[in-house]
Amino acid sequence: MSESSAEVVADVASAAVAASAAGAAGGWRRATGIAGVAIGVVAAGAAAGVALERMTVGRGMRQKARLALDSAGPYGSLRGMPGKAVADDGTELYYEVDDLDPEAAPAAIGPRRRRLFGRKSPAPVTVVFSHGYCLSQDSWHFQRAALRGVVRTVHWDQRSHGRSGRGVAQGRDEPVTIEQLGRDLKAVIDAAAPEGPLVLVGHSMGGMTVMALADQYPELIRERVVGVAFVGTSSGRLGEVNYGLPVAGVNAVRRVLPGVLKVLGQRAELVEKGRRATADLFAGIIKRYSFASRDVDPAVARFAERMIESTPIDVVAEYYPAFNDHDKTEALVHFAELPVLVLAGVQDLVTPSEHSEAIADLLPDAELVLVPDAGHLVMLEHPEVVTDRLADLLTRTGAVPAGATVKGYGSTSTAQPG
């Protein structure tokens, strides 16, 4: 985006705020398309502007392609044993458990899986996966498929995401905080894995959630956690991220975005219509801020788009301020004695790999993995790399028996009914 283009986007966003304040419904209708684009950026995890590219394929053809991908793609279809935890404010948090099947697992484990882990008796460990902003537990599809039957796992939806309930405190106009997410994770652990060793895995906001858990419950980390994986996340200073924009673009977006989001969150129905109307631009924005590879499977890209599309605009708006306030650098000390994996895409525009390097600098015994040609959704873009390094972490913690990956990343042939 050029500096002049960035200023145009900022001016339009500012006009949208002014129109809302004046009650100018007509102005809002005209601004909805651009607002939808801005929200698409945030929903992709990047609270920033982006270049708007013209699409060269007819809209009808693109709509048909999306429908075809929706019907054909298996991603996100894995289901486990459902459960609900209750947060301290009464919010219902949905989770699913994939239990270890000690009798079925050995028959399903091939030679490659045995080479990676090489143990036959599983340790009583539960791996808890926490997803990122505007995603859901299904974002771990490939890793979940790889580990089914090999180790007990818990996948949960953050408040107001996926199948979890809308935040009760947010219904009282209380802001979302990363600290609250840490307490939510504690509630899920208490309900789904009340005893035994834990491995905590968090992507983006999910990694921040894990840090908040450690900050508030250091005794839990000390007594039960045997390993941690931070994927594409940050311990703080998110206000300095430029999202791949020139200085003028960043400054323009930062100046107007908080006000725009606040007002748009109060006009959710109108904005959702705008998001649907700008679906093509929305898809392009999501791809830019989610992936770096040119050859990403279109079904995977559409899968990410569906997850992000499902996040209501008022949820997008109420979460945004929490990231600027996030600073859990001091909490990292609680992981110093543990096996830790820190992994990031080199071309991540949302939580740049420098943030992962900063985490690794504070945890000198951690394994740092920087994945070339990878963006923010590295676990979907390069699932084989993420799964392999996660498998190695689980080996080091003693969490897994004799398997690492399924034949094809994302196979759903062994899906449990849910």
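Here's a quick rundown of the structure. (Residues numbered from 1 in each chain as written. Predicted model: local features only at pLDDT ≥ 70, side-chain atom pairs only at ≥ 80, totals over all residues. Heavy atoms only, no water.)

## Examining the overall build of the protein chain
At step 1: From N to C terminus, the protein chain includes 18 helices and eight strands.
At step 2: The 418 residues of the protein chain split such that 56% are buried.
At step 3: Nonlocal contacts in the protein chain, meaning residues at least 24 apart in sequence, comprise 83% of its contacts between residues at least 6 apart.
At step 4: A total accessible area of about 17,100 Å² is found for the protein chain, and carbon and sulfur atoms account for 53% of it. (Helix = DSSP H or I, 4+ residues; strand = E, 2+ residues; numbered from the N terminus. Buried < 20%, exposed > 50% of the residue type's maximum accessible area, 1.4 Å probe, protein only. Contact = heavy atoms within 4.5 Å. Areas by Shrake-Rupley, 256 points an atom, 1.4 Å probe, with all protein chains shown as cover.)

## Re the packing of aromatic side chains
Two numbers describe a pair of aromatic rings. These are the distance of the centres and the angle of the planes.
At step 1: Throughout the structure, instances matching the rule amount to six aromatic pairs.
At step 2: Summarising the aromatic geometry, the rings of Y133 and Y319 are spaced 6.1 Å apart at their centres and angled 35 degrees between planes, so their arrangement reads as tilted. Here Y133, found in the loop between β3 (126-130) and α6 (141-147), pairs with Y319, found in helix α15 (residues 313-325); they are 186 residues apart in sequence, far enough to count as distant. Per residue, the accessibility class of Y133 equals that of Y319, and both read buried.
At step 3: Where F230 meets F335, the ring centres are 5.4 Å apart and the plane angle is 75 degrees; that geometry is what we call edge-to-face. (Phe/Tyr/Trp six-rings, centres within 6.5 Å; stacked < 30°, edge-to-face > 60°.)

## Describing the nonpolar core
At step 1: Residues V199, V201, F291, L343, L380, L390 and L394 are the most contacted members of the largest nonpolar core, which totals 39 residues.
At step 2: Here this core gets seven residues from one element, more than from any other, and that element is helix α14 (residues 298-309).
At step 3: Once residues within four sequence positions are removed from consideration, V199 is found in contact with V125, T126, V127, V128, V226, G227, V228, L393, L394, T397 and A399.
At step 4: Counting residues in each nonpolar core, the second largest holds 34 residues, with V188, I189, L198 and L200 among its members. (Core = buried A, V, L, I, M, F, W, Y, C linked by side-chain atoms within 4.5 Å.)

## Some remarks on the pairing of strand β8 (residues 367-371)
At step 1: Of the pairings in the sheet, the one linking strand β7 (residues 340-345) to β8 comprises five bridges and is parallel in character. Paired with L341 across the two strands is E367, which belongs to β8.
At step 2: Handedness of the β7-helix α16 (residues 353-362)-β8 crossover: right-handed. (Pairing = 2+ DSSP bridges. Right-handed = clockwise from strand over helix to strand, strands pointing away.)

## Some words on helix α8 (residues 178-192)
At step 1: Across its 15 residues, α8 extends 21 Å between first and last C-alpha, which sits within 8% of the 21 Å expected from 1.5 Å per residue.
At step 2: Among the 15 residues that make up α8, 11 are buried, leaving the element largely enclosed by the rest of the structure. (Expected span 1.5 Å × (residues − 1).)

## A few points about the sheet that holds strand β2 (residues 92-98)
At step 1: Strand order in the open sheet made by the eight strands is β1-β2-β4-β3-β5-β6-β7-β8, with mixed pairing throughout. At either margin of the open sheet sits one strand with a lone partner, and together these are β1 (81-86) and β8. Neighbour-to-neighbour, the strand axes of this sheet turn through a mean angle of 20 degrees, independent of strand direction.
At step 2: Across the sheet, helix α18 (residues 383-397) is in contact with β3, β5 (198-203), β6 (225-231), β7 and β8; its angle to β7 comes to roughly 175 degrees. (Axes fitted to C-alpha atoms, helices over the stretch in contact; angles between N-to-C directions.)

## As for the pattern of salt bridges
At step 1: Under the counting rule described, the total for this entry stands at 23 salt bridges.
At step 2: Measuring nitrogen to oxygen at the nearest pair gives 2.9 Å for the salt bridge that ties R152 to D99. Here the residue R152 occupies a position in strand β4 (residues 152-156), and D99 occupies one in the loop between β2 and α4 (105-108), the gap between them amounting to 53 residues.
At step 3: With relative accessibility at 39%, the residue D99 sits in the partly exposed group.
At step 4: Close ionic contact of E179 with K328 constitutes a salt bridge, the shortest N to O distance being 2.3 Å. (Salt bridge = Lys/Arg side-chain N within 4 Å of Asp/Glu carboxyl O.)

## What about the environment of A304?
At step 1: Of note, A304 is situated in helix α14.
At step 2: The spatial distance from the C-alpha of A304 to the C-alpha of Y75 is 9.3 Å, given a sequence separation of 229 residues.
At step 3: Apart from residues lying up to four places away in sequence, A304 is in contact with F291, L377 and L380.

## So, the pairing of β5
At step 1: Burial runs high along β5: six of the six residues are buried.
At step 2: A two-sided burial pattern is seen for β5, the buried positions comprising L198, L200 and G202 on one face and V199, V201 and H203 on the other.
At step 3: Across five bridges, the pairing between β3 and β5 is parallel. Each residue of the ladder has a partner; that of V128, found in β5, is L200.
At step 4: Looking at chain direction, β5 and β6 are connected through six bridges and run parallel.

## Some words on α18
At step 1: Between its terminal C-alpha atoms α18 stretches 21 Å, which fits the 21 Å expected from 15 residues at 1.5 Å a residue.
At step 2: Turning to α18, its buried residues number three or more, namely P383, V386, T387, R389, L390, A391, L393, L394 and T397.
At step 3: Positive backbone phi, at 75 degrees, marks G398, one or two positions downstream of α18.

## A word on unusual backbone geometry
At step 1: With phi around 55 degrees, S204 is a residue other than glycine that occupies positive phi space.
At step 2: The backbone of R237 sits at a positive phi, close to 65 degrees, despite the residue not being glycine.
At step 3: Inspection of the secondary structure puts R237 in the loop between β6 and α11 (247-265).

## Points about the side chain of R148
At step 1: The topology assignment puts R148 in the loop between α6 and β4.
At step 2: Assessed through its relative accessible area of 9%, R148 is described here as buried.
At step 3: Engagement of the side chain of R148 in a polar contact is seen with the side chain of D98, the distance being 2.8 Å. (Polar contact = N/O pair within 3.5 Å; in protein donor to acceptor, adjacent residues only side chain to side chain.)

## Focus: the packing of α8 against helix α9 (residues 205-216)
At step 1: Viewed as axis vectors pointing N to C, α8 and α9 meet at an angle of 80 degrees, and their least axial separation amounts to 7 Å. Considered as vectors, α8 and α9 are oriented roughly perpendicular to each other. Of the residues in α9, those touching α8 at I178, E179, L181, G182, R183, L185, K186 and I189 are M205, M208, T209, V210, A212, L213 and Q216. (Parallel < 35°, antiparallel > 145°, perpendicular 65-115°, else oblique.)

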